[in-house]
Amino acid sequence: MAKKILFVIIFILSLAALGGAVFIHHIIHLNGESVVYLSLNDEYHESGARLDLLDEDNIKIIGEVDNTKVGDYKIKYEANVLGIKVSTSRTVKVVDREAPSIELVNGETVNVCSVEGYKEDGYKAIDNYDGDITDKVKVERQDNIIFYTVSDSSNNSVTVRRYLSRKDDEKPDLKLKGDSTYVIAYGANFQDPGYEVSDNCSTNIDVKVEGQVDTSKGGIYEITYTATDENNNTSSVKRYVKVTDHTSNKGVIYLTFDDGPTTSSTPKILEILKRKNVKATFFVINHEAGSDYLIKQEYNEGHTVALHSYTHNYQKIYTSTDAFYDDLQKISDKVERLTGEKSMITRFPGGSSNTVSRNYQKGIMSQLASEMKIKGYHYFDWNVDCGDAGGAKNSDDVYNNVVKNLSKNRSNVVLMHDFANNTKTINALERIIDYGLANGYRFDKIDMTTPMVTHNVNN
Ligand SMILES: [Zn+2]
C-alpha cells in the first residue's frame, strides 16, 4: 500500500514538473496587441505585460520607441519564474499617416487668356516628414483642369486641382509718355509725347485720344487717353496742359545769346545790356580759352547763364543720348563751378527741331526732348531768329529780322549769338532794344518760371 502511495506521489510530482515547464512558457502575457501602430510624434504609452499568478513587478521591459522616426521598434518583456527565464515581445510601428500638402501659386482658379497658352504659375509640396517634395509632384492636364499629385515616403498622397477659366478682366496697361502736366507759353507749339499701351491678352488695343490744346487761348486743357482691349476692358489716363495766360508774358522779349562767351563779342554785348538796363539769357559753350571770367560777369550782372553744350559738336553729341548727357553734364559742371549755381535751363545745339542729328542717330531728338523734361530741365527754342548765324548779311538785316517778327500777343524768344566777332548783332543790339522799349515791349531774362517755347521735333 505504501509503495502504491509513493508511486502516486511521484506520478503527481512528475506531472507537475512536466506541466510546469509547459505552463511557464505561457506565463507572460502582453497587455494589448503584439503589433501596435503609432502615429508619428504621438506619445507611446506602454501598456505592459502580466504574469499569471506571479508578481508583475518582476517584468523587465527593454527597448525604446522614437516617435519622431518612422520605423519598427521592438519592446521586449522578460521575467524570471522559478529560475526559468521567460520573455515575449511587441512590435511598435511608428507610421506617418499625414498626407503632404500642395500649395498653388496664384490659387486654385486662374483667369487666363487661353487655356492652351497657360504658363504654370508654380506650386510647392511640403510633407510633415519628408519636407519639401516639390520635385516629386506629378502634373497632369485634362482640358481646363490641372491635377497636381504627390506622395510622401509613407505613400500618403494628395491631389489638388487648378481650374483655368477663360476670362480676361485685366485692363490694358496704359501709360503716358512724358509728363502728366505741362505748362506752355501762349502761342507755343504743343506736341503730345504720346502713350505706351500693352495688354495681358490682346494685341489689338484701341486707344482713343480726346481733347485738344489751343495755344491761342490761355487755360487748362485736358487730354484723355482711353485704351480698350479685345475683351472690352478699358483704362484711361489724363494729361493736363496749361497754356499760360497770354497777358502774363504778352509782349515780353527774351534776348538769348548762343555759343559764347567770346572775348571779342561778349564784353560788348554785356556793356550794351548794362547801359540799357536789360537782362538777357546766355546759352554758353566751352569754346574759347580765357573767356571763363565772362560767364562769371554775365551771372554777376544779373543775366541768366544757361546751358548750351560743352563741345557743340553735332557729330559727337547726337551720336547717342549718353554722349549728349556727358557733354551737357560737363558744361553744367563748369557753369556751376563759375557761378555757384546749377542751371537747369538749356537749349539744344541746332534747336530741338534740328535735322542734322538724323545723320548720327535716328529719333534722338524725340527721345532727348521727352527725357529732358523728366530730368527737370526746361529747354528753350526760339520764335524769332535774328539770322546772325545764317541769312543776315549786316546789322540792318539782324535788326529787321528781329523787329519784323516780334509780336505783342506772345512771348518772344529771340535767337542771337555772341560767337567771336559778331559785329552784325553787336551793332544791331542797341537799336533792337530801343525799338522794343519804344513799342511797349518788356525785356526779361529766362528763368525756371518762364513758359517753355519749343519747336516741333523733326528727328
Ligand atoms: Zn549753338
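Rules of the game
In this convention, every chain numbers its residues from 1, walking through the sequence in written order. With pLDDT at 70 or above as the cut-off, local features in this predicted model cover only qualifying residues; side-chain atom pairs require 80 or more to be listed or tallied, and sums for whole chains, interfaces and linings still use all residues. The side-chain quantities take in all heavy atoms of the structure and omit both hydrogens and water. Criterion used throughout: strands pair if DSSP finds at least two bridges between them. Runs of E in the DSSP output that reach at least two residues are strands. Runs of H or I that reach at least four are helices, and both are numbered from the N terminus. Only C-alpha atoms enter the line fits that serve as axes; for helices the fit covers just the stretch in contact. Angles between N-to-C directions range over 0 to 180 degrees. The donor set covers N, O and S atoms within 2.8 Å of the metal, switching to 3.2 Å for Na, K and Ca, and it leaves out water, so a site may look short of donors. Here, a disulfide means two cysteine sulfur atoms that sit within 2.5 Å of each other. Exposed residues in this analysis have more than 50% of their type's maximum accessible area, buried residues have under 20%, and partly exposed residues fall in between, with area computed by a 1.4 Å probe over protein chains only. To pair, rings of Phe, Tyr and Trp, with the six-membered ring standing in for Trp, must have centres within 6.5 Å; the planes then decide the type, stacked if under 30 degrees apart, edge-to-face if over 60, and tilted in the middle. Here, over-ring charges are defined by two tests on the NZ atom of lysine or the CZ atom of arginine: distance to the ring centre within 6 Å, and angle to the ring normal within 35 degrees. These descriptions rest on fixed angle ranges, namely under 35 degrees for roughly parallel, over 145 for roughly antiparallel, 65 to 115 for roughly perpendicular, and the rest for oblique. Handedness of a crossing follows from how the near helix is turned relative to the far one, being left-handed for an anticlockwise turn of less than a right angle and right-handed for a clockwise one. Contacts are assigned to residue pairs that have any heavy atoms within 4.5 Å of one another. In this count, Pro and Cys sit with the nonpolar residues alongside Ala, Val, Leu, Ile, Met, Phe, Trp and Tyr, while Asp, Glu, Lys and Arg are called charged and the others, Gly among them, polar.

Asks: Provide a residue-level description of the sheet that holds strand β19 (residues 234–243), including the pertinent values.
Replies: Two strands in a sheet stick together by hydrogen bonds in their backbones, pointing the same way (parallel) or opposite ways (antiparallel). With respect to topology, 4 strands assemble into an open sheet ordered β15-β19-β18-β17, the strand pairing being mixed. Strands at the two margins of the open sheet, each flanked by one partner only, are β15 (181–184) and β17 (206–210). When strand polarity is set aside, the average angle formed by the axes of neighbouring strands in this sheet is 20°. Sheet topology note: the strand β18 (residues 219–228)/β19 ladder contains 10 bridges and is antiparallel. Residue pairing for β19: isoleucine 223 is matched across the bridge by arginine 239.

Asks: Account for the coordination of the zinc ion, with residues named and values stated.
Replies: Around the zinc ion, the donor atoms from the protein are Asp259 (OD), His308 (NE2) and His312 (NE2), and they sit 2.1 to 2.2 Å away. We note that the donor set of the zinc ion lies within a single chain, spaced as D-x48-H-x3-H. Here histidine 308 lies in strand β22 (residues 304–309) and aspartate 259 lies in strand β20 (residues 252–260), a separation of 49 residues in the sequence.

Asks: Any chance you could break down the sheet that holds strand β7 (residues 101–104) for me, citing the residues and the numbers?
Replies: Taken in spatial order, the 3 strands of this open sheet run β7-β9-β10, and their pairing is antiparallel. In this open sheet, the two edge strands, each paired with only one partner strand, are β7 and β10 (131–132). Where β7 and strand β9 (residues 123–127) come together, 4 bridges link them in antiparallel fashion. The residue of β9 that forms the bridge with serine 101 is isoleucine 126.

Asks: Outline the state of the cysteines, supporting the account with residue identities and numerical values.
Replies: Counting across every chain of the model gives 1 disulfide. Each disulfide pairs two cysteine sulfurs, and for cysteine 113 the partner residue is cysteine 201, the sulfurs being separated by 1.6 Å. Across the S-S bond of cysteine 113 and cysteine 201 the torsion is about -85°, and the bridge reads as left-handed. Residue cysteine 113 is located in the loop between β8 (109–112) and β9, and its partner cysteine 201 is located in the loop between β16 (195–198) and β17; the two are separated by 88 residues in the primary sequence. Note on cysteine 113: relative accessible area 40%, which makes it partly exposed.

Asks: Any chance you could break down the packing of aromatic side chains for me, citing the residues and the numbers?
Replies: Inspection of the entire model under this criterion finds 10 aromatic pairs. Consider the rings of phenylalanine 257 and phenylalanine 282, whose centres lie 5.3 Å apart with planes at 25°: the pair is stacked. In this pair, phenylalanine 257 is assigned in strand β20 and phenylalanine 282 in strand β21 (residues 281–285), connecting sequence segments 25 residues apart. This pair shows no difference in class: phenylalanine 257 is buried, exactly as phenylalanine 282 is. Aromatic rings pair up to connect Tyr314, Tyr318, Phe324, Tyr325, Phe348 and Tyr379 into one cluster. Lying over the aromatic face of tyrosine 325, lysine 375 brings its terminal NZ or CZ to 4.2 Å of the ring centre. Its end group placed over the ring of tyrosine 441, lysine 408 keeps NZ or CZ at 5.4 Å from the ring centre.

Asks: I'd like a description of the packing of helix α4 (residues 292–300) against helix α6 (residues 321–339), backed by residues and values.
Replies: Two elements in contact, α4 and α6, have axes separated by 9 Å at closest approach and are oriented at 65°. With respect to each other, α4 and α6 are oriented roughly perpendicular. The way α4 lies across α6 gives a crossing that is right-handed. Within the contact between the two elements, α4 uses Asp292, Ile295, Lys296 and Tyr299 and α6 uses Lys334, Arg337, Leu338 and Thr339. The class makeup of the residues in the contact of α4 with α6 is 3 nonpolar, 1 polar and 4 charged.

Just geometry here; none of it tells us what the structure is for.
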